[in-house]
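The residues making up each chain are set out below.
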Amino acid sequence: MGQKIHPGGLRVGVIHDWKSNWYTGKKEFADYILEDVKIREHIYGKLSHAGLSDILIRKDKQRITVDIYTARPGIVIGKSGVEVDALRRELHALTQKNVHININEIKRPELDAKLVAQSIAEQLSNRVAFRRAMKRALASAIRSGAAGVKIQCSGRLGGGEMSRRETYSEGRVPLHTIRADIDYGFVEARTTAGRIGVKVWVNKGEIMPEGFEGGEGTRLGDQDTRRRRGGALEGLGASRESGRGRGPDREGLGPVRQRRRGPGGGPGGGRGRGRGQGSGGPRPSAGPGQGARPASARPGGRDRARGQENAGQPPSNEAVETPAVETPPVETPPVEATPAPEAPASEAPASEAPPGEAAPAEAAPADAQAVEEKPKTTRARKPKGGES
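This report concerns the structure included in the present document. Every value quoted in this text rests on a predicted model; they were computed, and no experiment measured them.

1. Considering the packing of aromatic side chains
Within this structure, the stated rule accounts for three aromatic pairs. Seen from their ring centres, Tyr184 and Trp201 are 5.4 Å apart, and the 50° between their planes marks the pair as tilted. Residue Tyr184 is located in strand β7 (residues 180–191), and its partner Trp201 is located in strand β8 (residues 194–206); the two are separated by 17 residues in the primary sequence. Of the two residues, Tyr184 and Trp201, neither departs from the other in class, the shared state being buried. A connected cluster of aromatic rings, assembled from ring pairs, spans Trp22, Phe29 and Tyr32.

Right under this line is the structure:
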């Protein structure tokens, strides 16, 4: 489970100060804390509509100084300071001490996390779509100069039966960076479906130490951002070459041996799909009379046929033999055209030919035997010689 911590409390003593400043012994410590709680509850209850952001309390022996930060100082002061006087009398009756009140105006309420959360909660109570309210507050904060904003709403959003959580963020909100000035605000919106919690984180920039002398506009978090995005680095990581395309010397470990790749695509040409030829040299292929199967009928023959284009002599012989086998069908058409004139002409030279050669030709009545004997016998060539 995530261990959440208040961003303001994490930075107290480093870049932020305490919201209550006083010192007392152990006996009065609990009374002082309870007194601070009562003061804040009374002010928030009375001036909840005045856009209060923060209340700081400083105590002496007989005096309490209250600093109120608000976006609407006119409402807190009232006409000719009537509201402030009434508040001072009420706090005096509550604490039995002299109370002094200072009212400070917030120039940019869009950058105050508490005020942004209050505005979103008011819109949710008025049945405004939560996505529209969140995105509008996000855009206004970024437009006002915030380095990063994150807004989260959780509850029965949109009146749904199942509660859920929606988060929108823009910019950079480094919660673990102590020097980052991050303001945090939480407000609950009361709707007809129930309460909806609104949390807002606003990054106002980075507070540098007193002795830091950097250029204007420089930020210490830029190097971390470049490291995450794979940009130029500084220090020890800069000497190492980033990315997969490293040079032959990989981080000072010496040259890397390059693997030889064969025609099949793998190291040695044998790591293709199917059974490749990469285990050794070119394998002698079987001849046409030794029962060799065509490349398309063998498993993985598709890759082998592709690799045979650049192979040795045995594949090239097969490529030469294949057109020789296919040539006889091309020569057959002129041979088939001659049988019609051969029928009458074969009888005339048959008498001149020896009786031993004419007898087997006449004894072949079947047409299938005549077709088979045409390429083998020289009977078709003799009539041409006799006619000439």
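There's more to say after this.
2. What about the pairing of strand β2 (residues 52–59)?
Burial analysis of β2 places six of its eight residues in the buried class, the great majority of the element. By the bridge criterion, two bridges tie strand β1 (residues 20–21) to β2 in an arrangement that is parallel. What sits directly across from Asn21, in β2, is Arg58. Summarising the sheet, β2 and strand β3 (residues 63–70) pair through seven bridges and their orientation is antiparallel. What sits directly across from Ile57, in β3, is Val66. Taking the residues between adjacent antiparallel strands as the criterion, β2 and β3 are bridged by three residues.

3. Considerations on the environment of Asp54
By secondary structure assignment, the location of Asp54 is in strand β2. Residues Asp54 and Asn104, 50 residues apart in the sequence, show an inter-C-alpha distance of 9.9 Å. In contact with Asp54, other than residues within four places in its own chain, are Lys19, Tyr44, Asp67, Ile68 and Tyr69.

The rules behind these values
Residue numbers restart at each chain and count upward from 1, following the sequence in its written direction. In keeping with the predicted nature of the model, local features appear solely for residues at pLDDT of at least 70, side-chain atom pairs appear and are counted solely at 80 or more, and the whole-chain, interface and lining totals rest on all residues. As a rule here, side-chain values come from all non-hydrogen atoms in the structure, and water together with hydrogens is ignored. Stacked, tilted and edge-to-face are the three classes applied to pairs of Phe, Tyr and Trp rings, where Trp contributes its six-membered ring and a pair requires centres within 6.5 Å; stacked means planes under 30 degrees apart, edge-to-face means over 60, and tilted covers the rest. The secondary structure listing takes helices from DSSP runs of H or I that are at least 4 residues long and strands from runs of E that are at least 2 residues long, numbered from the N terminus. Relative accessibility under 20% of the residue-type maximum defines a buried residue, over 50% an exposed one, and the middle range a partly exposed one, all with a 1.4 Å probe and only protein chains included. At least two DSSP bridges between two strands are needed for those strands to be called paired. Any two residues whose heavy atoms approach within 4.5 Å are treated as being in contact.

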